[in-house]
Amino acid sequence: MSAPKNLHFDTLALHAGQRPDSQTGARATPIYQSTSFVFDDSDKASSLFDVARAGHVYSRISNPTVGVLEERVAALEGGVGAVCTASGMAAIHLGMTTIAGAGDHIVASRSLYGGTHNLLSYTLPRFGVETTFVDPSDPDAFAAAIRPNTKFLFAETIANPRCEIVDIPRVSAIAHDNGLPLMVDATLTTPYLMQAIKLGADIVIHSLTKFIGGHGVAVGGALVDSGRFRWEKSDRFPGLSEPYAGFHGMNFVEEFGPYAYIMRARKEGLRDFGASMSPTNAFHLLQGLETLPMRMDRHVSNTTKIVDFLATHNAVSAVHHPSQPSHPDHEIAKELLPKGCGAVFSFELKGGRLAGSAFIEGLQLFSHLANVGDAKSLVIHPASTTHSRMDDADLIQAGVSPGLVRLSVGLEAADDLLADLAGALRRAEKVAS
Amino acid sequence: MKTEFNKQTIFVGSGGVEWREGLPTFVLLHGAGLNRTVWVLLGRYFARHGYNVVIPDLPGHGASEGEPLVTIEDNASWVNSLVDHLAQSHPLANDNLIYCGHSMGSLVMLEAAASRVAQMDKLLLLGSSAPMVVGAPLLDAARNNEHAAIEMINMFGHGFGSRIGNNPVSGISAYNTMEALLEQADDGVLFADLNACNDYKNGDAAAKYLAGNAKVAVIAGDADRMTPAKLGAKLCSQLEGSYFLLKDCGHMMMSEQPETTLKAMKKALAG
């Protein structure tokens, strides 16, 4: 039978995690710009340190303004809880190091944001964590790469810049069959376009800097725990399912059950690594999150018009967007992303690197910068910027050719964006000819 | 800790503190389809404030083996026997008892306390009513192991404010956590528990026996749609107990309002 449903996504985007301030009646979320919080009495103080009462101690660990954002992101993702961090990369680092340490292994998609690729290829190996990279479009490749010391599988829901889409239901089934969680970076899909947890993901990460914030004014990240992975049923996670010396001998699963992982991420990871979000940034990101559903609809509709325009333009040799029947993940996109495949994609100009430069120089409305998911339309040349730390072999593996141009389509009037692109394409054509 | 009891491995939490000689035994029991983790903050608090806290997972729940027991009376007998069993091998009193239960757990503790009046120091009933009638749509959905049963409990079990959130436990969605916790129960567990609640007929007799013979407190949420506050008040009246009403709080008071629930429990224990 059907059951009564909780509040809808659009309502939660506006309200989840916050009620009018009980002291002042403030409707908007107040910015609690305070490093620390006064204890009512010594009993409350000791109880907070013993995790025997609820409340805030110090803003590196938790903060009331940040807490609203955390609860809202968790509500929208369908997770049991979230921890917000100083950046998306901080969330990825926190997510990984909460369960992986020296001697452990990760299986990751080879199509990743450059920073993530760097973390897995160079930084984590310095701390004894190895990664095997696999083709994200081949679920069996994930299975084949799993080792006895593997801790999780990792992929981006939509990879940047060629928009490969990982088959979350199949890859999560492989992970679960092996007693492993699936961790996904869902920055480009947001919880509005894809409910990754419902599809099978166990841990979801966002760079809130992008579409969730939306306005390009604050950097932040979020780590979301689905609460569905049964850590105690796998023998790979003694740090969660056995007494952990790193936090007073606490057995996180025994104490917290479904939210063991996210509690350890906060209690250990924020304590020791300290990549916490500032309350002011949380406030800015909350303003953006309130309008996420409406903005994403506009991002997608603008993108559809631009993709259609580029796909038939003489100066363009290829458009890499899953809405295109020629895209290798077109069918899985229809299944997993019925509301649209996002607003970040790439295309290739017939004139290669020189045409690419001319095109970018010819744009007036699109901003040339290293970000995506802004309300304003953005453009970048990945090989010389976001992916510049990769050598040629890694670039090719990540699907980045020298002439590739990435767009992040904003909320401007579509006709104005199309006119800007048309003008820049004329310049590119001149160089190519 | 895990212990062998009735030829099964049973999980019993202690609030993160080892039991010590000379302290009253405070037993906290979870509700239908749930487990010990609903008591995490309160259990850890009382374990550090003068009590030996005992937080069992009922058979077939959480980390305890076995099949769920199918009547409130069977569960009550199990709890009393477990306390005796633990007292044999641990520094745990079984004659200075505080029993506390939530929802189905409150019926179990009501019944268990009625057979141990002489040893009972206090009885705390949270989100309680007797009888505890369960609607046919919920029972049917639980019988068929439909996810709709979980959704109904979550919707009816949380006050509107808790569906919005603003959890004092930073970053945790109480609503989604309850859904995840109920999803962890094996097929048949939720139905067995709800059916046991629905079938329990001994509440009046237990209350009559306890009234005047045990110190009792009932803690209710004014937005509780699972066990409405007026039914909790009626039970409290039968028990001649103390009544605490939590404002803007639903049935899942320990996760919805851990601080106000703690305050009410401390008052109840002091009374």
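Residues numbered from 1 in each chain as written. Chains lettered and ligands numbered in written order. Predicted model: local features only at pLDDT ≥ 70, side-chain atom pairs only at ≥ 80, totals over all residues.

Visitor: Before we move on, could you go through unusual backbone geometry and cite the residues and values that matter?
Guide: Put simply, Ala130 of chain B and Pro131 of chain B share a cis peptide bond, and its omega is 5°. Considering the arrangement of structural elements, one finds Pro131 of chain B in the loop between strand S6 (120-126) and helix H4 (136-143). Positive phi values are uncommon outside glycine, yet Thr190 of chain A reaches one of about 60°. Relative to the elements of secondary structure, Thr190 of chain A occurs in helix H8 (residues 190-193). (Helix = DSSP H or I, 4+ residues; strand = E, 2+ residues; numbered from the N terminus.)

Visitor: Summarise the domain arrangement of chain A; cite the residues concerned and give the values.
Guide: Residue and element names in this part refer to chain A. In terms of domains, chain A is made up of domain 1 (9-288) and domain 2 (292-432). In this structure, domain 1 and domain 2 have C-alpha centres spaced 29 Å apart. Mapped by element, the contributors of at least two residues to the side of domain 1 that touches domain 2 are helix H1 (9-15), helix H5 (114-126) and H8. Considering only residue class, the side of domain 1 that touches domain 2 consists of 14 nonpolar, 11 polar and six charged. (Domains from an automatic or database assignment. Nonpolar A, V, L, I, M, F, W, Y, C, P; charged D, E, K, R; others polar.)

Visitor: Describe the interface of chain A and chain B, with residues and values.
Guide: If you look at the interface, chain A gives 42 residues, while chain B gives 38 residues. Looking at the side of chain A that touches chain B, the elements with two or more residues in it are helix H3 (64-77), strand S1 (81-85), helix H11 (252-256) and helix H12 (260-273) of chain A. Sort the elements by how many residues they give to the side of chain A that touches chain B and H3 of chain A lands first, with five residues. Considering only residue class, the side of chain A that touches chain B consists of 18 nonpolar, 15 polar and nine charged. (Contact = placed C-beta atoms within 7 Å.)

Visitor: Could you give an account of the sheet that holds strand S8 (residues 242-246) of chain B, with specific residues and numbers?
Guide: Residue and element names in this part refer to chain B. Spatial strand order, S1-S2-S4-S3-S5-S6-S7-S8: eight strands in an open sheet with mixed pairing. Strands with a single pairing partner mark the edges of an open sheet, and in this sheet they are strand S1 (2-5) and S8. Strand-to-strand twist of the sheet, defined as the mean angle between neighbouring strand axes without regard to direction, takes the value 25°. Relative to strand S4 (residues 52-56), strand S3 (residues 25-29) runs parallel, the two being bridged by three bridges. Considered in S4, the bridge of Val27 is made with Val54. The sheet contacts of helix H1 (residues 40-47) involve strand S2 (8-13), S3 and S4, and relative to S4 the element is tilted by about 155°. The strands touched by helix H2 (residues 72-89) within the sheet are S1, S2, S3 and S4, with S3 carrying the most contacts at an inclination of about 140°. (Pairing = 2+ DSSP bridges. Axes fitted to C-alpha atoms, helices over the stretch in contact; angles between N-to-C directions.)

Visitor: Describe the environment of Cys84 of chain A, listing the residues and the values that go with them.
Guide: Residue and element names in this part refer to chain A. Mapped onto the elements, Cys84 comes out in strand S1. Classification of Cys84 by C-beta neighbours within 10 Å gives buried; the count is 35. Residues Cys84 and Ala260, spaced 176 residues apart in sequence, show a C-alpha to C-alpha distance of 16 Å. With near-sequence residues (within four places) excluded, Cys84 lies in contact with Val66, Leu69, Glu70, Gly220, Gly221, Ala222, Met277 and Ala282. (Buried ≥ 20, exposed ≤ 12 C-beta atoms within 10 Å, placed from the backbone.)

Visitor: Lay out the nonpolar core in plain terms, naming residues and giving numbers.
Guide: Soluble, globular proteins show a tendency: their nonpolar side chains are buried together. Membership of the largest hydrophobic core comes to 230 residues, with the highest contact counts inside it found for Leu153 of chain A together with Val27 and Ile219 of chain B. Looking at this core element by element, the count peaks at eight residues for helix H3 (residues 104-114) of chain B. Of the residues that make up this core, three or more belong to each of domain 1 (9-288) and domain 2 (292-432) of chain A. (Core = buried A, V, L, I, M, F, W, Y, C linked by C-beta atoms within 7 Å.)

Visitor: An account of the pairing of strand S9 (residues 344-349) of chain A is needed here, citing residue identities and associated values.
Guide: The side chains of a regular strand alternate, residue by residue, between the two faces of the sheet. All names here are of chain A. The element S9 is extensively covered by neighbouring structure, given that five of its six residues are classed as buried. Bridge count between strand S8 (residues 316-320) and S9: four bridges; the pairing is antiparallel. Residue pairing in the sheet places His320 in a bridge with Ser346 of S9.

Visitor: Please give an account of the sheet that holds strand S11 (residues 378-380) of chain A that cites residues and values.
Guide: Residues and elements named next belong to chain A. Spatially, five strands are ordered S8-S9-S12-S11-S10 in an open sheet, and the strand pairing comes out mixed. Here the strands that pair on one side only, and so sit at the sheet edges, are S8 and strand S10 (367-368). In the packing of helix H16 (residues 352-362) onto the sheet, the strands contacted are S9, S10, S11 and strand S12 (404-408), and the crossing angle to S9 comes to about 125°.

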